[in-house]
Amino acid sequence: MSKKASVLSKKRQGLLHHRTSWCCSFTNPPKTPENLSSFQQSKLIHQKFGGGGAGAATAGGGGIAKNSSLGFVGKRMDPRRILSPGRVSPINSDNTLTEENDVRVETCSVIGSPLPEKSPERVVEEDEVVVGVVSNEKYDVRLNLKGRDGNSLVLELDSKVLSENSSVFANLIADCHKNSGGLANLCRIEVHEVDNLRVYHQTIALMFADDIVKTFVQMGVSKSIDALEVAAGIMFTRGVLSCLKYLEAVPWSEDEEEKLKSLFTRYTFDKKTTEDVLGRLYPGEESTNSQPYTAVQLINSVTGCTNFSSSRRELKSLVKGLLSKSSVYEKDLTALKKEDLYQICQSCLNSLVGIFKEAADSVVHEEGGSSSTAGTSTQPFIERISVQVDNIKWLFEILGEQQMAEEFVNLWAEQEALLAMHKIVSPMVRYEVSRISASVFIALGKGMLLCPSESRCGVFQSWFRPMLSDYDWLQRCKKGLDVKVLEESMGQALLMLPMKHQHMFFMEWFESYSKHGSECPNLSSAFQIWWRRSFLRGSKSSHTTELEAPES
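The rules behind each value
Residues numbered from 1 in each chain as written. Predicted model: local features only at pLDDT ≥ 70, side-chain atom pairs only at ≥ 80, totals over all residues. Heavy atoms only, no water. pLDDT = per-residue confidence, 0-100. Contact = heavy atoms within 4.5 Å. Patch = residues over 30% accessible without salt bridge, like charges linked within 9 Å, V, L, I, M, F, W, Y side chains within 5 Å. Areas by Shrake-Rupley, 256 points an atom, 1.4 Å probe, with all protein chains shown as cover. Salt bridge = Lys/Arg side-chain N within 4 Å of Asp/Glu carboxyl O. Helix = DSSP H or I, 4+ residues; strand = E, 2+ residues; numbered from the N terminus. Buried < 20%, exposed > 50% of the residue type's maximum accessible area, 1.4 Å probe, protein only. Core = buried A, V, L, I, M, F, W, Y, C linked by side-chain atoms within 4.5 Å. Expected span 1.5 Å × (residues − 1). Polar contact = N/O pair within 3.5 Å; in protein donor to acceptor, adjacent residues only side chain to side chain. Arc of directions from axis to C-beta. Phe/Tyr/Trp six-rings, centres within 6.5 Å; stacked < 30°, edge-to-face > 60°. Lys NZ or Arg CZ within 6 Å of the ring centre and 35° of its normal.

## Remarks on the confidence of the model for the protein
Logical step 1: In the predicted model, the protein carries a mean pLDDT of 75, and the fraction of residues at 70 or more is 65%.
Logical step 2: Across residues 61-136, confidence stays below pLDDT 50; counting only partners more than four residues off in sequence or on other chains, it has 151 contacts.
Logical step 3: Scored below 50 in pLDDT, residues 541-552 shows zero contacts in the model against residues more than four places distant or in partner chains.

Dropping the structure here:
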């Protein structure tokens, strides 16, 4: 072999030996920054976070590491997974770890500062974070937080700060020193069944903050309420007062309000410190007692509007929704008196009668050739009547929601003055009142009102004939009225009357329908049912008489 070939062979052997020692062999890796055994003097904070609130705590004693300058102890990590940038390891993680594989990396994060950037010299999983608490004082308390989900978090803290801020931790630390006879350098405390590890850690970090309120501003309302629960559990008075001060000065969503209410039912706070927050959560005894009067005042405000406007329509929908029993805003409306609602109804009816009287007087004066001076409003009669009719219909719907509408049937049937003027006033003006009758007939036909037979007969005797005469105008100006539903409901309501009254009303309808046709409601289906029932009932009655005769 030549000298040149010999040198080339040695170079190849050296290159092969170099590759075997790092990439192709399971021997120890070279002494490079990737070999974490050379970094045993630093600390690693490497912890997965799970879910957080307060839990039960226990204390114990032990020794503290000499070079401890970090507030966490994290889970172990396989050193072969920590790689330098751009290098890929062909070696999978080993499930078996020894104490020699525990690595700690020194941190320099401060309370209230953002989380440190991930080091490019090690791999961090997506659901892992690196955080820490640093103090100039020595760490003589190791706080082990154990979550309900099985995750855990270990904090190394200053006992002086803990004792000054939390009476719970102060007692635990005192018990720890007492049990160890004052010889323990490290006090160990465990908190079990923690709901949210992150929130608990954030609350502990508040003890080291100079301005806690600013920290709450950064956290937001929802997280601050979570921290308030933890602070109340560990009796962190300064944190509780600062959180209440912040919460009282910011708006809440409905979910956050319910969250606060739930918290106040589980924890007892000093009345003086929570007075402002509770004043926003609960109305107080005086406001509760005045709630029915407030509802009546809202209804009066809506019915007091004298014109149709978009704001009036919105307020009607709003108030009706608030008073509805199916509303999510439902409160205790048991004290809302039926008398108050019917008093408003009567007021609207009186206004309607007064407008009809003005309209009737104007007709009389026009027929006599003189000008009318009875009206004092610049609004046309039809507009003023429409507003009051709309108010009465709206009140009838509210009474129906509150299951108080049965008496309205009698009230509407007894409007003799309105019925007398209905014959005088022009159909273009008077037809609006038949909308009220339509609402009553529909409610009766659908079985929404449990009225006695006398009440049903009374309202038909009063308003059935005006309905026949105004039906043509109702078809022209429906304003949301479904005439098909009205016809079906009128037929059903008539069939609910005693047979002798059915005969009278159906014959009156038949005569009107034969003269005016489509200008009258089409009750032919109900008429046929009445006819068949009348014939079959008469036959059955005579047959029953014949069977019962021999027994007498």
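## Here's the deal with a nonpolar patch on the surface
Logical step 1: There is a patch of nonpolar side chains on the surface, built from Leu298, Leu315, Leu318 and Leu322 and spanning about 310 Å² of accessible area.
Logical step 2: It is helix α12 (residues 310-323) that provides the largest number of residues to the nonpolar patch, a total of three residues.
Logical step 3: Along the chain, the position of Leu315 falls in helix α12.
Logical step 4: Note on Leu315: relative accessible area 39%, which makes it partly exposed.

## Some points on the nonpolar core
Logical step 1: Counting 73 residues, the largest nonpolar core has Leu352, Phe408, Trp412, Val459, Phe460, Phe464 and Leu486 as its most contacted members.
Logical step 2: For this core, the leading source of residues is helix α13 (residues 338-368), giving eleven residues.
Logical step 3: Ignoring anything within four residues of it in the chain, the contact list for Leu486 reads Ala438, Phe441, Ile442, Met467, Tyr471 and Leu481.
Logical step 4: Grouped together as the second largest cluster of nonpolar side chains are 49 residues, Val141, Leu155, Leu172 and Ile204 included.

## Here we look at helix α3 (residues 167-180)
Logical step 1: Compared with an ideal rise of 1.5 Å per residue, which puts 14 residues at 20 Å, α3 spans 20 Å between its outermost C-alpha atoms and is within 8% of the ideal.
Logical step 2: Capping the start of α3, Ser166 holds a side-chain oxygen 3.4 Å from the backbone nitrogen of Val168, two or three residues further along.
Logical step 3: One or two steps after α3, the chain reaches Gly181, where phi turns positive at roughly 70°.

## Concerning helix α21 (residues 499-516)
Logical step 1: Compared with the 26 Å implied by 1.5 Å per residue over 18 residues, the 25 Å span of α21 between its first and last C-alpha is a close match.
Logical step 2: Those residues of α21 that sit buried are His501, Gln502, Phe505, Phe506, Trp509 and Ser512. Within α21, the buried residues cover an arc of 130° as seen down the axis, which keeps them to one side. Residues Lys500, Ser514 and Lys515 are exposed on α21 and point more than 90 degrees away from its buried face.
Logical step 3: Of the residues flanking the end of α21, it is Gly517, one or two places downstream, whose phi is positive at about 65°.

## Here we look at the packing of aromatic side chains
Logical step 1: Counted by the stated rule, this structure contains 17 aromatic pairs.
Logical step 2: Considering the side-chain rings of Trp509 and Phe527, the 5.7 Å spacing of their centres and the 45° angle between planes classify their relative orientation as tilted. Here Trp509 is found in helix α21, whereas its partner Phe527 is found in helix α22 (residues 524-548), with 18 residues between them in sequence. Neither residue differs from the other here; Trp509 and Phe527 are each classed as buried.
Logical step 3: An aromatic cluster is built from Phe506, Trp509, Phe510, Tyr513, Phe527, Trp530 and Trp531, whose rings are joined through pairwise contacts.
Logical step 4: Above the face of the Trp473 ring, Arg476 is positioned so that its terminal group lies 5.0 Å from the ring centre.

## Some remarks on the side chain of Asp390
Logical step 1: One can find Asp390 in helix α14 (residues 381-401).
Logical step 2: A polar contact is formed between the side chain of Asp390 and the side chain of Lys316, at a distance of 2.5 Å.
Logical step 3: Discounting chain neighbours no more than four positions away, the residues touching Asp390 are Phe308, Arg312 and Lys316.

## Quick look at the environment of Arg312
Logical step 1: Among the secondary structure elements, Arg312 is positioned in helix α12.
Logical step 2: Assessed through its relative accessible area of 2%, Arg312 is described here as buried.
Logical step 3: Along the backbone, Arg312 and Ser301 are eleven residues apart, and their C-alpha atoms lie at a distance of 9.6 Å.

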